[in-house]
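# Residue-level structure breakdown
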Amino acid sequence: TLPQDLFKQLAAPAAARGLLRLRTSPEMCVGRAYGPLVADEVENLYHMAGAAAETAVAFDFEYASARGFGADAQPTLQLAFQYTSGGRRFLRVHTLPLRVADEAHDVHCGANVPPLMTLLVRKVVRAAEAEGFREARLLLQDWLVELLTRYLVADSRAGAALAESPAALCAELRAVPRWVFALLRSPLLSSNTPLACAHVRDDARVALLGQLSALP
């Protein structure tokens, strides 16, 4: 019920006045950040007004140079999160060594769909806010085409089978086309044409945009 849900939400542990700092090994750098955070003037430092257990933020990482990761590179990511909870100030530090894939196929097979789709939705929301819903829809379509193209280049055995069924994808990516299709057919990205699944007024679309921006 609504009262129980409200009580559960208010009683859950929460952080306030958060500062998130990212540090990377020299071979890589932070490209873009997504989620309920604001970039500071200091590089790779972000402010978060509040955070709960289900709060999610996402980052794009880029190579610092065209060289990429050398043969002896040991890429590492470190996150430091300082926050206030229960009147006390805490600092959590997490250091994460990253494995370098030997082949593109290893990258595909190492994909984790929920974080991947979280990041993709964040990108679509950012594009819709900056360039409009039509451009966001085109961005999503282009992303899926590029993913499938790169997969075919990396695994030529998929070939014609991929054109017939997403089952030709590796198990880690088979759900992605369905996710993308659902997002394309959602009211948020409706083209409002006669063939569209939904016809959405401007104020309703803006409300949907706000809801997606705040989802875990």
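The structure this text deals with has already been given above.
## As for the overall build of the protein chain
Across its full length, the protein chain holds seven helices and seven strands. Each helix and strand of the protein chain, placed in order from N terminus to C terminus, yields the pattern α-β-β-β-β-β-β-β-α-α-α-α-α-α. Expressed along its principal axes, the backbone C-alpha trace of the protein chain runs to roughly 60 × 55 × 35 Å. In the protein chain, which comprises 216 residues, the share counted as buried stands at 30%. Across the protein chain, contacts joining residues at least 24 apart in sequence account for 60% of those joining residues at least 6 apart. Total accessible area on the protein chain is roughly 14300 Å²; 57% of this is exposed by carbon and sulfur atoms.

## Concerning the layout of surface pockets
Estimated volume of the largest pocket: approximately 1700 Å³. Every residue lining the largest pocket is counted, 36 residues in all, and those nearest its centre are Asp 60, Phe 61, Val 107, Leu 116 and Leu 119. Elements represented by at least two residues in the lining of the largest pocket include exactly strand E2 (28-34), strand E5 (58-63), helix H2 (104-109), helix H3 (113-131) and helix H4 (133-154). Residues that form the lining of the largest pocket fall into these classes: 23 nonpolar, five polar and eight charged. When its volume is computed, the second largest pocket comes out at roughly 480 Å³. Within the residue set of the lining of the second largest pocket, elements represented by two or more residues are strand E1 (14-24), strand E4 (45-52), E5, strand E6 (76-85) and strand E7 (88-97). Among the elements that take part in the lining of the second largest pocket, E6 stands out by supplying five residues, more than any other. Tallied by class, the residues present in the lining of the second largest pocket amount to 18 nonpolar, two polar and one charged.

## Regarding the packing of aromatic side chains
Any pair of aromatic rings gets described here by the distance separating the centres and the angle formed by the planes. Under the defined criterion, the tally for this structure stands at five aromatic pairs. For the pair Tyr 83 and Phe 90, a centre-to-centre distance of 5.6 Å together with 25° between the ring planes defines the contact as stacked. On the basis of relative accessible area, Phe 90 is assigned to the partly exposed category, the value being 31%. Grouping aromatic residues by their ring pairs yields a cluster made of Tyr 46, Phe 59 and Phe 61. Over the face of the ring belonging to Phe 133 we find Arg 205, whose NZ or CZ atom lies 4.7 Å from the ring centre.

Quick notes on the rules
Residues numbered from 1 in each chain as written. Predicted model: local features only at pLDDT ≥ 70, side-chain atom pairs only at ≥ 80, totals over all residues. Heavy atoms only, no water. Helix = DSSP H or I, 4+ residues; strand = E, 2+ residues; numbered from the N terminus. Buried < 20%, exposed > 50% of the residue type's maximum accessible area, 1.4 Å probe, protein only. Contact = heavy atoms within 4.5 Å. Areas by Shrake-Rupley, 256 points an atom, 1.4 Å probe, with all protein chains shown as cover. 1 Å grid on protein atoms, 1.4 Å probe; cavity = no way out; pocket = protein on both sides within 12 Å on 5 of 7 lines; lining within 4 Å. Points joined across faces, edges and corners; volume = space filled by probe spheres on them. Nonpolar A, V, L, I, M, F, W, Y, C, P; charged D, E, K, R; others polar. Phe/Tyr/Trp six-rings, centres within 6.5 Å; stacked < 30°, edge-to-face > 60°. Lys NZ or Arg CZ within 6 Å of the ring centre and 35° of its normal.

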